[in-house]
Amino acid sequence: MKTLCWVLAAAVLLAPAAASAQTQTPPPPGPPPSVSYPTPVERTLVNGLRVIAVQRPNVPLVAAQLIVKSGSETDPPARPGIASLAADLLNKGTKTRSALEIAQAIDALGAELEASAGFDATRVEVSATTPQFGRAFAILAEVVRAPAFAPAEIARAKTQAISNLQLAYSNPSTLAQLVAQRLMYGEAPYGQPAEGTPTSVGAIARPDLERFHRTYFRPDNAVLVLGGDIAPEAAFAEAERVFGNWAKPAAPLPALPRDKRTAASRVVVIDQPEAGRTAVAVGKPVLRRADPAYIAGVVTNAVLTGYSGRLNAEVRIKRGLSYGASTSLVGRRDPGPFVAATLVDHTKAAEATQVVIDTLASLVGQPAGAEELKPRKAVVTGGFARSLETIDGLVNQVGTLALYGLPLGQINTFIGEAEAITPLKVQEFAAGYLQSNQSVVLVGNAKAFLPDLRRRFAERASRIEVILFNRLDLGRASLVRATGVAGK
């Protein structure tokens, strides 16, 4: 009995040590996932519509995505939000069906129909079981080609959009991202808030939406991707059936807006005393999606982000400054943004900003070794493989490759290309793309961190701009609302 008691006592005493050992020794990353999909095939209809088919049999589902190669970047500088609002309204009524009738028809088919706008494109997608796909696909074509933009639906969509914006502005993290976007791109199209501002959304009228649709929704400015349980020839026949008579306008497409991005970086504090914490964002424009260095950028970003990434380790695990910190890298038609962000107590904001900037610099001074890089590449390759698990995901990946003029076979080569990124490539990317011209945003109670911020960044102290929250205007590159003008 005495021996048993000793064993139990020893087990109790040793259990924490054993658990600690388990947490300190994570399992090694497994081999990179192997994915293999049929190379997509394509055909261009007489009207100029590029159609891509990628077959994935054995699952009775088919998805389609119509990508109009124009989005929020085309919004007039004085009226951002048009593309986003137009996308919201596409499935809210056509020339022959109301919003409710569209919803009832899609529900009856057990299908899904969605539309959204980004900076570079507007996407409309539908998915359904194989037997029902033809009818669901016809509804997609109807909302793409003949939206009603009914006044009552416009009014509802504008009210909802303005409400969403006001809610977003009350969140320091969301607001910091929006301000960072303005700092990085200034008056360039990517600097505009894609969802608009309460003022600009309020001013959008039906002719604005009709003009956007009439100008950019045309077959020679679109890509159609069909994937899943459908053979290429059947996919091309479906495309011809519902889009074959979509007329190509005689007028040429307008030229894309020029990237007027300025190189000057800024440090801006948005004084929002009522914020619960201070959001920090450090960012800069980085590279195009079609840039050959893009995959090295994705791996470099993975070294920094995630719970076990380097930035969270420095900000949260080592210093306890925040519940989390992350980075993001977005590839677009023109150089997309890289942003590092965290949310901290007001009094720790200056220190957290310093840690974020130092951690980005550490990729050059303390480059990632092979052991650090291996699990980070596993995050990248595993995430990519998971993105292809669903039919919708496969169609979306192929559509993105098509949008940016990349080889469609990259769905089968991406993992190998990511695995080939070396520590030296990560160091070179960090040195070449992440180290200079960073803009910095802090959104929070300024009086709690501003003196410390000016002390830590003495060389930039004279250039720190402080903007009161009630004077903030995201519709202007200066970010400062003109006297007598309302709205963010």
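Residues numbered from 1 in each chain as written. Predicted model: local features only at pLDDT ≥ 70, side-chain atom pairs only at ≥ 80, totals over all residues. Heavy atoms only, no water.

- Looking at an unreviewed UniProt entry, one finds the chain named Insulinase family protein, with Gloeobacter morelensis MG652769 as its source organism.

1. Focus: the overall build of the chain
Stage number 1. Counting its secondary structure elements, the chain contains 17 helices and 12 strands.
Stage number 2. For 488 residues, the compact-globule estimate of 2.2 N^0.38 gives 23 Å, and the chain sits close to it at 25 Å.
Stage number 3. Judged by the C-alpha coordinates and their principal axes, the chain covers about 80 × 70 × 50 Å.
Stage number 4. Here the chain, with 488 residues, has 52% of them falling under the buried criterion.
Stage number 5. Across the chain, every contact between residues at least 6 apart in sequence was considered, and the portion connecting residues at least 24 apart equals 80%.
Stage number 6. Carbon together with sulfur atoms contributes 57% to the accessible area of the chain, which is approximately 21700 Å² in total.
Stage number 7. Of the side-chain charges in the chain, 51 are positive and 41 negative, and the distance between the mean point of each set is 4 Å. (Helix = DSSP H or I, 4+ residues; strand = E, 2+ residues; numbered from the N terminus. Rg over C-alpha atoms; globule rule 2.2 N^0.38 Å. Buried < 20%, exposed > 50% of the residue type's maximum accessible area, 1.4 Å probe, protein only. Contact = heavy atoms within 4.5 Å. Areas by Shrake-Rupley, 256 points an atom, 1.4 Å probe, with all protein chains shown as cover. Lys, Arg positive; Asp, Glu negative; His and termini not counted. Charge placed at Lys NZ, Arg CZ, Asp CG, Glu CD.)

2. Side note on the pairing of strand β5 (residues 122-129)
Stage number 1. For β5, a buried count of six out of eight residues is recorded, marking the element as mostly surrounded by other parts of the structure.
Stage number 2. With eight bridges joining them, strand β3 (residues 61-68) and β5 adopt antiparallel strand pairing. Paired with Gln65 across the strands is Glu125, a residue of β5.
Stage number 3. Both strand β4 (residues 112-117) and β5 contribute to a ladder of six bridges, which runs antiparallel. Bridge assignment links Ala117 to a residue of β5, and that residue is Thr122. (Pairing = 2+ DSSP bridges.)

3. Some points on the nonpolar core
Note on soluble globular proteins: their nonpolar side chains tend to be buried together.
Stage number 1. Judged by nonpolar contacts, the single largest core of 73 residues is most densely connected at Val269, Phe338, Val398, Leu434, Leu442 and Leu453.
Stage number 2. The contact partners of Leu434, leaving out residues within four places of it in the chain, are Lys284, Val286, Thr300, Leu304, Phe338, Leu363 and Phe429.
Stage number 3. If you look at the next biggest cluster of nonpolar residues, it comprises 50 residues, including Val51, Val62, Ile102 and Val143. (Core = buried A, V, L, I, M, F, W, Y, C linked by side-chain atoms within 4.5 Å.)

4. Examining empty space enclosed by the protein
Unfilled space is identified by rolling a water-sized probe across the atoms.
Stage number 1. A complete count under the given rule lists two cavities of 30 Å³ or more for this structure.
Stage number 2. The space that makes up the second largest cavity amounts to roughly 30 Å³.
Stage number 3. For the second largest cavity, the full set of lining residues is Val267, Thr353, Ile357, Val440, Phe457 and Arg460.
Stage number 4. When the residues that make up the lining of the second largest cavity are grouped by side-chain class, the tally is four nonpolar, one polar and one charged. (1 Å grid on protein atoms, 1.4 Å probe; cavity = no way out; pocket = protein on both sides within 12 Å on 5 of 7 lines; lining within 4 Å. Points joined across faces, edges and corners; volume = space filled by probe spheres on them. Nonpolar A, V, L, I, M, F, W, Y, C, P; charged D, E, K, R; others polar.)

5. Topic: the pairing of strand β11 (residues 439-444)
Stage number 1. In terms of burial, β11 is largely enclosed, as six of its six residues are buried.
Stage number 2. Burial along β11 is two-sided: Ser439, Val441 and Val443 facing one way and Val440, Leu442 and Gly444 facing the other are all buried.
Stage number 3. Looking at chain direction, strand β7 (residues 267-271) and β11 are connected through five bridges and run parallel. Residue Val267 lies in a different strand from β11, and its bridge partner there is Val440.

6. A word on the packing of aromatic side chains
Stage number 1. What the rule picks out here adds up to nine aromatic pairs.
Stage number 2. When the centroid spacing of 5.4 Å and the interplanar angle of 90 degrees are considered together, the rings of Tyr185 and Tyr190 count as edge-to-face. Side by side, Tyr185 and Tyr190 carry an identical accessibility label, which is buried.
Stage number 3. Seen in terms of ring centroids, Phe384 and Phe414 are 4.3 Å apart; in terms of plane orientation they differ by 20 degrees. Their pairing is stacked. Taken as a pair, Phe384 in helix α13 (residues 370-387) and Phe414 in helix α15 (residues 410-419) lie far apart in primary sequence, 30 residues in all. The same class applies to Phe384 and to Phe414, which are both buried.
Stage number 4. Following the ring pairs from residue to residue traces out a cluster consisting of Phe133, Phe137, Phe243 and Trp246.
Stage number 5. Sitting above the plane of the Tyr190 ring, Arg332 keeps its charged end 4.8 Å from the centroid. (Phe/Tyr/Trp six-rings, centres within 6.5 Å; stacked < 30°, edge-to-face > 60°. Lys NZ or Arg CZ within 6 Å of the ring centre and 35° of its normal.)

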